[in-house]
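Survey of secondary and tertiary structure
Here are the chains, one letter per residue:
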Amino acid sequence: MSEEGKITMNEFKMVVERFEENQKKIVEVVNYRFDKLESRQDKTEAKTDSMMEQIALLHEGQTEIKAELRSGLKDRVTYSDFAKLEKRVVRLENKVA
């Protein structure tokens, strides 16, 4: 400073240049952080999509199983048919033994 409390034009330019350099560094760091966050978000979206596909497949399988169970209930075995089958199995077991 040439006079007390006053700065020269060169000193002012130096201060402005330093300020600009620091701003550039800050912008670089912020951009880097945003890139990392964006990458994480992309990975999270991919995982979510994968989970949604798996849920859809599970739902599809569940629907199939329900349909099979419903059709199977129509073909129920009566108690008397089951009793006859059980007697037959006992007879076969006795022959083998």
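Scroll up to find the structure.
Here's what I pulled together on the structure shown here. It should be emphasised that the depicted structure is a prediction, and the values quoted were computed from it without experimental measurement. (Residues numbered from 1 in each chain as written. Predicted model: local features only at pLDDT ≥ 70, side-chain atom pairs only at ≥ 80, totals over all residues. Heavy atoms only, no water.)

What follows covers the overall build of the protein. Tallying secondary structure elements over the protein gives 2 helices and 0 strands in all. Taking 97 residues into account, the globule formula puts the C-alpha radius of gyration at 13 Å, and the protein, at 40 Å, lies well above it. Considered along the principal axes of its C-alpha atoms, the protein spans approximately 120 × 35 × 20 Å. Counting all 97 residues of the protein, 0% fall into the buried class. For the protein, the computed accessible surface area is about 10000 Å², with 58% contributed by carbon and sulfur atoms. The averaged location of the 20 negative side-chain charges in the protein is 13 Å from the averaged location of its 19 positive side-chain charges. (Helix = DSSP H or I, 4+ residues; strand = E, 2+ residues; numbered from the N terminus. Rg over C-alpha atoms; globule rule 2.2 N^0.38 Å. Buried < 20%, exposed > 50% of the residue type's maximum accessible area, 1.4 Å probe, protein only. Areas by Shrake-Rupley, 256 points an atom, 1.4 Å probe, with all protein chains shown as cover. Lys, Arg positive; Asp, Glu negative; His and termini not counted. Charge placed at Lys NZ, Arg CZ, Asp CG, Glu CD.)

Quick look at a negative patch on the surface now. A contiguous patch of negative charge, built from Asp35, Glu38, Asp42, Glu45, Asp49 and Glu53, is present on the exposed surface. Within the secondary structure, Asp35 is located in helix H1 (residues 9-74). (Patch = residues over 30% accessible without salt bridge, like charges linked within 9 Å, V, L, I, M, F, W, Y side chains within 5 Å. Salt bridge = Lys/Arg side-chain N within 4 Å of Asp/Glu carboxyl O.)

Turning next to a nonpolar patch on the surface. On the surface, a cluster of nonpolar side chains totalling about 390 Å² of accessible area is made up of Ile26, Val30, Phe34 and Leu37. Looking at the element boundaries, Leu37 is found in helix H1. Owing to a relative accessible area of 48%, Leu37 belongs among the partly exposed residues under this scheme.

Moving on: a positive patch on the surface. The grouping of Arg33, Lys36, Arg40, Lys43 and Lys47 at the surface amounts to a positive patch. Following the sequence through the fold, Lys47 ends up in helix H1. Lys47 gets classed as exposed once you look at its relative accessible area, which sits at 59%.

A few words now on helix H2 (residues 79-96). For H2, built from 18 residues, the straight-helix expectation of 26 Å at 1.5 Å per residue is met to within 8% by its first-to-last C-alpha distance of 26 Å. Little of H2 sits out of view: just 0 of its 18 residues are buried. (Expected span 1.5 Å × (residues − 1).)

With respect to the helices and strands, the residue Ile26 is situated in helix H1. The exposed category is assigned to Ile26, whose relative accessible area is 55%. Spatially, the C-alpha atom of Ile26 lies 38 Å from that of Met51, the residues being 25 residues apart in sequence.

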